[in-house]
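Structure assessment
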Amino acid sequence: MADSYRIGIIGVGLIGGSIARAARLQGVATEIIGFDSCSKNLLEALRLGVVDRIAESASAAAEQADLVVIAVPVGVTQTLFESLKPIWSDQVLYTDAGSTKLDVLAAARRCFGRVPENFVPGHPVAGAESSGVGAASDSLFVNKRVILTPHPDNDDAAVKKISAFWSALGGRVSLMDAAHHDAVLAATSHLPHVLAFALVHLLGCKDDQQEIFQYAAGGFRDFTRIASSDPRMWADICLANRDFILPLIEDLSRELREVSEIIKLDDNPEHLLHYFSDARKARQRFLDQLIT
Ligand SMILES: NC(=O)C1=CN([C@@H]2O[C@H](COP(=O)(O)OP(=O)(O)OC[C@H]3O[C@@H](n4cnc5c(N)ncnc54)[C@H](O)[C@@H]3O)[C@@H](O)[C@H]2O)C=CC1
Ligand SMILES: O=C(O)C(=O)Cc1ccc(O)cc1
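Residues numbered from 1 in each chain as written. Chains lettered and ligands numbered in written order. Predicted model: local features only at pLDDT ≥ 70, side-chain atom pairs only at ≥ 80, totals over all residues. Heavy atoms only, no water.

The name an unreviewed UniProt entry gives the protein chain is prephenate dehydrogenase, with Candidatus Methylospira mobilis as the organism. Taken verbatim from the UniProt record of the protein chain, the Catalytic activity (unreviewed entry) comment is "prephenate + NAD(+) = 3-(4-hydroxyphenyl)pyruvate + CO2 + NADH". According to UniProt, the comment filed for the protein chain under the heading Sequence similarities (unreviewed entry) is "Belongs to the prephenate/arogenate dehydrogenase family." (UniProt positions renumbered as here; feature names shortened; annotations may be inferred.)

Examining the site of ligand 2
Taken together, Ser-99, His-123, Ala-126, Gly-127, Ala-128, Glu-129, His-193, Arg-225, Ile-226, Met-233 and Trp-234 make up the full set of residues adjacent to ligand 2. One nitrogen or oxygen atom from the side chain of Ser-99 is found 2.7 Å from an oxygen atom belonging to ligand 2. Separating an oxygen atom of ligand 2 from a side-chain N or O atom of Arg-225 is a distance of 2.6 Å. Within the complex, the protein chains bury 83% of what would otherwise be the 340 Å² of accessible surface of ligand 2. Of the residues belonging to the shell around ligand 2, the class tally is five nonpolar, four polar and two charged. (Near = heavy atom within 4 Å. Polar contact = N/O pair within 3.5 Å; in protein donor to acceptor, adjacent residues only side chain to side chain. Areas by Shrake-Rupley, 256 points an atom, 1.4 Å probe, with all protein chains shown as cover. Nonpolar A, V, L, I, M, F, W, Y, C, P; charged D, E, K, R; others polar.)

Concerning the domain arrangement of the protein chain
Entries for the protein chain in the domain assignment read domain 1 (5-176) and domain 2 (181-288). Computed from C-alpha atoms alone, the centre-to-centre distance between domain 1 and domain 2 is 31 Å. Counting residues at the interface gives 17 residues for domain 1 and 16 residues for domain 2. Buried area between domain 1 and domain 2, both sides added, is near 1200 Å², and the carbon and sulfur share of it is 66%. For the domain 1 face of the interface with domain 2, the top three residues by lost area are Ser-99, Thr-100 and Glu-129, together amounting to 39%. (Domains from an automatic or database assignment. Contact = heavy atoms within 4.5 Å. Buried area = accessible area lost by both parts, 1.4 Å probe.)

Observations regarding the nonpolar core
Within the largest apolar cluster, 65 residues are counted, with the highest numbers of intra-cluster contacts made by Ile-7, Ile-19, Val-68, Phe-81, Phe-165 and Leu-169. Other than its neighbours up to four places away in sequence, Phe-165 contacts Tyr-5, Ile-7, Ile-19, Ala-23, Val-28 and Leu-67. (Core = buried A, V, L, I, M, F, W, Y, C linked by side-chain atoms within 4.5 Å. Buried < 20%, exposed > 50% of the residue type's maximum accessible area, 1.4 Å probe, protein only.)

Examining helix H5 (residues 102-112)
Among the residues of H5, those classed as buried are Asp-103, Val-104, Leu-105, Ala-107, Ala-108, Cys-111 and Phe-112. On the buried face of H5, the contacting elements are helix H4 (77-84), strand S5 (93-96), strand S6 (119-120), helix H7 (178-204) and helix H10 (231-240). Two residues or fewer past H5, Gly-113 is found with a positive phi of approximately 85°. (Helix = DSSP H or I, 4+ residues; strand = E, 2+ residues; numbered from the N terminus.)

A closer look at the packing of H4 against H5
Interaxial distance between H4 and H5 falls to 9 Å at its minimum, and their mutual angle equals 35°. At the point where H4 passes H5, the crossing takes the right-handed sense. Mapping the contact onto sequence places Thr-77, Gln-78, Phe-81 and Glu-82 in H4 and Val-104, Ala-107, Ala-108, Arg-110, Cys-111 and Phe-112 in H5. When grouped by side-chain class, the residues that make up the contact of H4 with H5 number six nonpolar, two polar and two charged. (Axes fitted to C-alpha atoms, helices over the stretch in contact; angles between N-to-C directions. Left-handed = near helix turned anticlockwise from the far one by under 90°.)

Describing the state of the cysteines
Covalently bonding the sulfur atom of one cysteine to the sulfur atom of another cysteine gives a disulfide. By the definition in use, this model includes zero disulfides. The cysteine Cys-205 is free of any disulfide, with Cys-238 supplying the nearest cysteine sulfur at 18 Å. (Disulfide = S-S within 2.5 Å.)

Regarding the site of ligand 1
Taken together, 26 residues form the shell around ligand 1, and within it Ile-15, Asp-36, Val-72, Ser-99 and Gly-132 come nearest. Gly-132 is positioned with one of its backbone polar atoms (N or O) 2.7 Å from an oxygen atom of ligand 1. Contact with the protein chains removes 87% of the 820 Å² of surface that ligand 1 exposes when unbound. Of all elements in the fold, only helix H1 (14-25), strand S7 (122-124) and H10 reach the threshold of two or more residues within the shell around ligand 1. Taken together, the residues of the shell around ligand 1 break down into 15 nonpolar, 10 polar and one charged.

Laid out in structure tokens, this is it:
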């Protein structure tokens, strides 16, 4: 049985709210104190019973907790570290849920001069295109990957406790180097979001977009679901992880030119057939390794 905590959640949106709901359901929260800079969202969290109490500031929420979870857009992390610095305690565990990890570690170094040994960076690789506490669910992390990217300065006991916390929420925890995390997630999460936003942006600028959208089939809806994600959150992610994302956008541009050339020049249908078949086999390999 994992330890039980008085949890301070900073950013009670989709992810912060889902962590709160799951922690309560799994009996690993004795009390949940929330803070969010959006008072409407925070009051909604209280009304829905996602948090037991609300605090007036991030530091007030953290001061009353023995586990602090930071679940805000990654571009805000440094500001939050600055506001927590005066009350940072050796007796408290801290973690985050940001989609990028090198920038979060850099923000910690800029604020504290080093990564505090009791801050264990994390990323639940589970979510949705919706935002806000109203979309939070107590089962969001069940059987989903959670990646922790501990720093060499991290206290081993802190890493073990955060790992046990995420396991209690249903997550399948892996440890990974932060740079490796950012490279891998750039490929499977950040690039697809850029591509979905770009495709919808392209079509949304066309004069005949109304007709185009009117006759779109399920494939278009599936492919573009993630373009309904929060623009602020994704702007933060793409700017934070630009070093890994930009080369992949170049690779993708090359790939599009290649398939364009095959369609344009090749009068042998086998060539295009092989190209699509290879892609379909690769997707099957992805499906075969999914956690069930
Ligand atoms: N949405 C998703 O599917 C996933 C998101 N993440 C990461 O989790 C974090 C949170 O994302 P979501 O919960 O989806 O976003 P969200 O928009 O639902 O929630 C974020 C909350 O943070 C609040 N906030 C912003 N600045 C703040 C500040 N200075 N102080 C206190 N609260 C502040 C916002 O008002 C909002 O309620 C992000 O870093 C994101 O990259 C990680 C995995 C999946
Ligand atoms: O909506 C989806 O399918 C997602 O891909 C959600 C998501 C968004 C950001 C992450 O860091 C992880 C998962």
